[in-house]
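Single-letter residue listing:
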Amino acid sequence: MKVKPRIVSVGVNPMNSAGFPKTVSIEEAFRTLEVLSKRYPPQPKTVHVARLQPGRVLAEDIVAAEDIPAERKSIVDGFAIIVNKPGTKRRIVGSSTAETPYNAQLQQGECVRITNGGVVPDGADTVVPFEDVLLYGEMDSIEVITKLDKGENIRDRGSEANVGDILLRDGDRLDSISIGLIYKLGISQVEIYKKPRVSVISIGNESSHQRMNGNFNRSQLLALFKIQGFKSIDAGECAHKLVEIEKKLNTAAKFSCVIVATGGYEQILNLAEKLNLTVAFNKISSNPGKFAFAHGSIKNKPVFLCVLPQKPASAWIGANLFVSPFLRAMEGRTVTNGMRWKSKLAESIPKSCETRFVRVQSEFINGKLISSPASSDIFTRANSILEIPKNIAYSAKDTVNVLLVESP
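What counts and how
Residues numbered from 1 in each chain as written. Predicted model: local features only at pLDDT ≥ 70, side-chain atom pairs only at ≥ 80, totals over all residues. Heavy atoms only, no water. UniProt positions renumbered as here; feature names shortened; annotations may be inferred. Axes fitted to C-alpha atoms, helices over the stretch in contact; angles between N-to-C directions. Helix = DSSP H or I, 4+ residues; strand = E, 2+ residues; numbered from the N terminus. Parallel < 35°, antiparallel > 145°, perpendicular 65-115°, else oblique. Left-handed = near helix turned anticlockwise from the far one by under 90°. Contact = heavy atoms within 4.5 Å. Nonpolar A, V, L, I, M, F, W, Y, C, P; charged D, E, K, R; others polar. Salt bridge = Lys/Arg side-chain N within 4 Å of Asp/Glu carboxyl O. Buried < 20%, exposed > 50% of the residue type's maximum accessible area, 1.4 Å probe, protein only. Pairing = 2+ DSSP bridges. Disulfide = S-S within 2.5 Å.

Per an unreviewed UniProt entry, the protein chain is named MoeA N-terminal and linker domain-containing protein, and its organism is Caenorhabditis remanei. According to the UniProt record, the Function (unreviewed entry) comment for the protein chain is "Catalyzes two steps in the biosynthesis of the molybdenum cofactor. In the first step, molybdopterin is adenylated. Subsequently, molybdate is inserted into adenylated molybdopterin and AMP is released."

As structure tokens, this is what we get:
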């Protein structure tokens, strides 16, 4: 099922690049992006269950067509019995499995051999495990040697779900168990959301330093979005020339709704006016904070344009904080800043007069998550982000919340 991108009216104050919005707070930036995400609703498609992959997002509710389980089931290998006092002997009159149930009514003094998952026959009210019985004769009778309560080791009909219950919801991210459940329910086709496409452009001049930063930036962001499960497209690089940047944007808009540019901050904001794009905000009150976001259409194609700094560490932070949550919303998931974990700091961090986002390396040591601030070196490894509010200092061993990134 194809659904065209829908532009809806939401509560974002329109403002073109001729009248840039003022600098916004972190909280306001997140709220604005959440509202803007509604302009780019997720696109569903129908797929065969054989093509389902973990990580895809459901675009429909999966409802139980019958009670689960549909019959009473044994949860152990043993014998189905009518419970009474220990020491009573019972004659084995048959067997019961999930595929071949025992279809007669069980009588007093009888028992049925049953497998784990086997259907409990009518009349039986308890299942006794193999290890709790003595076998007699040619294994034609048993004696129960332990006390059992009525109903033990039986999973009742509808104990997991009743007909009409929602088993999986629209927006759920599929894992191995949920995919197995869909197979078990006998469903042949399901609705999932398409993965959003994101194009990445690096903009810079001819200096070797800026070219290196641009290539590094583009490569790391393409890899980041791919690891997070999105379709990333390399839109190449160009110089700080409006005509070249406009060509890149026009081409990128043909292939993806989200366009990420690193560098070219002033040039792209000037182009926004020419292309009639609305600038949501052009700076955030944090360090780094030179992030700009615009939305509208290019050549009748709906686009969401993200401008990140040329500095690789800042671009990586901006991509994880703002672009990835937006892409997750376009995939049918909740707009969120990602997964935050409590961690112990390995070293102290001095206070500053502004809110900062710092790259940190977090790892489990002796069962505890420990985080160490990374240097500004673009090649320093980092896997999480720490937000440090203004005028707040942290000491070594303080507990903080870190945002783990590069996860789907």
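Structure's up, so let's keep going.
Caption draft 1: Seen up close, the packing of helix α4 (residues 242-255) against helix α5 (residues 265-274). Closest axis-to-axis distance for the α4/α5 pair is 10 Å, and the angle between their directions is 70°. Judged by the angle between their axes, α4 and α5 are roughly perpendicular. Between α4 and α5 the crossing geometry is right-handed. Residue-level contacts link L242, I245, E246 and L249 of α4 to Q267, I268, L271 and K274 of α5. For the contact of α4 with α5, the residue count by class is five nonpolar, one polar and two charged.

Caption draft 2: Summary view of the pattern of salt bridges. According to the stated counting rule, one finds eight salt bridges in the structure shown. Where E331 meets K195, a salt bridge forms, and the shortest distance between an N and an O atom there is 3.4 Å. Note that E331 is positioned in the loop between α6 (312-330) and β19 (339-345) and K195 in the loop between β12 (189-193) and β13 (197-203), a separation of 136 residues in sequence. Here E331 matches K195 in class, with each residue buried. Residue D234 pairs with R218 through a salt bridge whose shortest N-O separation is 2.8 Å. Of this pair, D234 sits in strand β14 (residues 231-238) while R218 sits in helix α3 (residues 208-227); the two residues are 16 residues apart in sequence, bridging distant segments of the chain. One continuous salt-bridge network, built from bridges that share partners, spans K195, E331 and R333.

Caption draft 3: Spotlight on the pairing of β12. With respect to burial, β12 is a largely interior element, four of its five residues being buried. Both strand β1 (residues 44-48) and β12 contribute to a ladder of five bridges, which runs antiparallel. Note that in β12 the partner of H48 across the bridge is Q189.

Caption draft 4: Seen up close, the state of the cysteines. As enumerated under the stated definition, the model contains zero disulfides in all. With no disulfide of its own, C257 lies 9.7 Å from the sulfur of C306, the closest cysteine sulfur.

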